[in-house]
Amino acid sequence: MSATKLPIVVLLSGSGSNLQSIIDATAKGMPVDIRAVISNRPDAYGLTRAHDAGIDTAVLEHGNFADRESYDQALQQLIDSYAPKLVVLAGFMRILSDDFVRHYEGRMMNIHPSLLPKYRGLHTHARALEAGDEVAGCTVHYVTPELDAGPILMQARVPVLDGDTPETLAARVLEQEHKIYPEAIRQFAEQWLKR
Ligand code: GRF
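Attention in this report is confined to the structure presented alongside it. Predicted model, so just to flag it, every value in this text is computed and none were measured. Counting from 1, residues in each chain are numbered in the order their sequence is written. Reporting in this predicted model follows two pLDDT cut-offs: at least 70 for local features of residues, and 80 or more for side-chain atom pairs to be given and counted; totals over whole chains, interfaces and linings ignore these cut-offs and use all residues. Based on all heavy atoms of the structure, the side-chain values leave hydrogens and waters out of the count.

**Re the overall build of the protein**
Going along the chain from the N terminus, every DSSP run of H or I of four or more residues is numbered as a helix, and every run of E of two or more is numbered as a strand. When you go through the protein residue by residue, the secondary structure sums to six helices and seven strands. Our radius of gyration is a C-alpha quantity, and the globule rule it is checked against amounts to 2.2 Å times the number of residues to the power 0.38. Over its C-alpha trace the protein gives a radius of gyration of 16 Å, about what one expects of a compact globule, namely 16 Å for 195 residues. With the C-alpha coordinates of the protein rotated into their principal frame, the extents come out at 55 × 40 × 30 Å. Buried, partly exposed and exposed residues are distinguished by accessible area as a fraction of the type maximum, computed with a 1.4 Å probe on protein chains only: under 20%, between the cut-offs, and over 50%, respectively. Relative to its 195 residues, the protein shows a buried fraction of 47%. If you take every contact in the protein between residues at least 6 apart in sequence, the share linking residues at least 24 apart comes to 64%. A total of about 9,800 Å² of accessible surface is found on the protein, and carbon and sulfur atoms cover 50% of it. Computed over 19 positive and 25 negative side-chain charges, the separation of the two mean positions in the protein equals 6 Å. Contacts between residues were defined by any pair of non-hydrogen atoms, one from each residue, lying within 4.5 Å. To be clear on the numbers: accessible area is Shrake-Rupley with a 1.4 Å probe, and residue cover counts the displayed protein chains and nothing else. All tallies of charge rest on Lys and Arg as positive and Asp and Glu as negative; His and the ends of each chain are not included. By convention, the point assigned to a charge is CZ for Arg, NZ for Lys, CD for Glu and CG for Asp.

The structure is reproduced here in structure tokens:
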């Protein structure tokens, strides 16, 4: 019997509101099976969201590893034990080693809170405000070894409003993240199911 749902693993470090949008989309019929949610932080609220949705969770703390390579090797083994066809980074606050990224080339996505190629890295909203940008947004992209530089899959734009702070702008962008991330995953799933 061929699979009817795309198996995915989600990696996160924090609140997991993007994870929630993916969980909600699967509840509404998106053909995706979230096999596991993995966090490098034991206190990530995203783990609670996963648990509440009946999804397997695992914690792999980077503090227990000597270096990035050994952490990433253990993480890769853990991810692959769930045999995902797509790895979804949803606020996973780690720089990834090249070998790890290459292992998942073309099957690992990230969401970034800026209109890439603008503002790779951190503090994207403060940087957009400092630059006087009139439009901000978010980007879903494939992960490649260069940080936040992989092929773009989907973007959404929002206006920057008078009086915006990094927090108000982040909240407006996050609403769009919750739309385009499940949508990009759905498109990947539909392609995969047609294979
Ligand atoms: C989001 O802003 C996302 O763009 C960035 O990390 C944040 C994660 O938020 N990569 P959440 O944990 O999904 O709420």
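**Brief notes about the site of the ligand**
We call a residue near a molecule or strand when any one of its heavy atoms sits within 4 Å of it. Looking at the ligand, the residues that line it are Ser 15, Gly 16, Ser 17, Asn 18, Gly 91, Ile 111, His 112, Pro 113 and Glu 177. A distance of 2.5 Å is found between an oxygen atom of the ligand and a side-chain nitrogen or oxygen belonging to Ser 17. Taking 370 Å² as the accessible area of the ligand by itself, protein coverage stands at 81%. Using a 1 Å grid laid over the protein atoms alone, points where a 1.4 Å probe fits but cannot get out form a cavity; open sets with protein on both sides within 12 Å along at least 5 of 7 lines form a pocket; any residue with an atom within 4 Å of a point counts as lining. For this analysis, a molecule is said to be in a pocket or cavity if more than half of its atoms are within 2 Å of the grid points defining it. Placement of the ligand is best described as lying within the largest pocket. For the shell around the ligand, the secondary structure elements donating two or more residues are helix 1 (17–27) and strand 5 (108–112). Broken down by class, the residue content of the shell around the ligand amounts to two nonpolar, six polar and one charged. Distance and chemistry together define a polar contact, namely a pair of N or O atoms within 3.5 Å, with one atom able to donate a hydrogen and the other to accept it when in protein, and with adjacent residues in sequence counting only for side-chain atoms on both sides. By the convention adopted, Pro, Cys, Tyr, Trp, Phe, Met, Ile, Leu, Val and Ala count as nonpolar, Lys, Arg, Asp and Glu as charged, and the other residues, Gly among them, as polar.

**Focus: the nonpolar core**
What makes a nonpolar core is a set of buried Ala, Val, Leu, Ile, Met, Phe, Trp, Tyr and Cys residues whose side-chain atoms join them at distances within 4.5 Å. Ranked by size, the top nonpolar core spans 39 residues in total, and within it Ile 8, Ile 34, Val 37, Tyr 181 and Ile 185 carry the most contacts. For this core, the element with the highest residue contribution is helix 6 (residues 166–193), accounting for nine residues. Excluding anything up to four places from it in sequence, Val 37 contacts Val 10, Leu 12, Leu 19, Gly 46, Leu 47, Ala 50, Ile 55, Asp 56, Thr 57 and Ala 58. Judged by nonpolar contacts, the second largest core, of 19 residues, contains Val 9, Tyr 71, Leu 75 and Tyr 82.

**What about the sheet that holds strand 6 (residues 135–142)?**
The strands that make up a sheet are held in pairs by hydrogen bonds between backbone atoms, and each pair lies either parallel or antiparallel. Each pair of strands is called paired provided DSSP finds at least two bridges between the two strands. The seven strands are arranged 3-2-1-4-5-6-7 in an open sheet whose pairing can be described as mixed. Sheet topology places strand 3 (56–59) and strand 7 (152–159) at the edges, where each strand pairs with a single neighbour. Taken over all neighbouring pairs, the strand axes of this sheet differ in orientation by 20 degrees on average, direction set aside. Sheet topology note: the strand 6/strand 7 ladder contains seven bridges and is antiparallel. What sits directly across from Ala 136, in strand 7, is Val 158. Under this scheme, a helix contributes an axis fitted over its contacting stretch, all axes are lines through C-alpha atoms, and angles between N-to-C directions fall in the 0 to 180 degree range. Running at roughly 155 degrees to strand 7, helix 6 makes contact with strand 1 (6–12), strand 2 (32–39), strand 4 (86–89), strand 5, strand 6 and strand 7 of the sheet.

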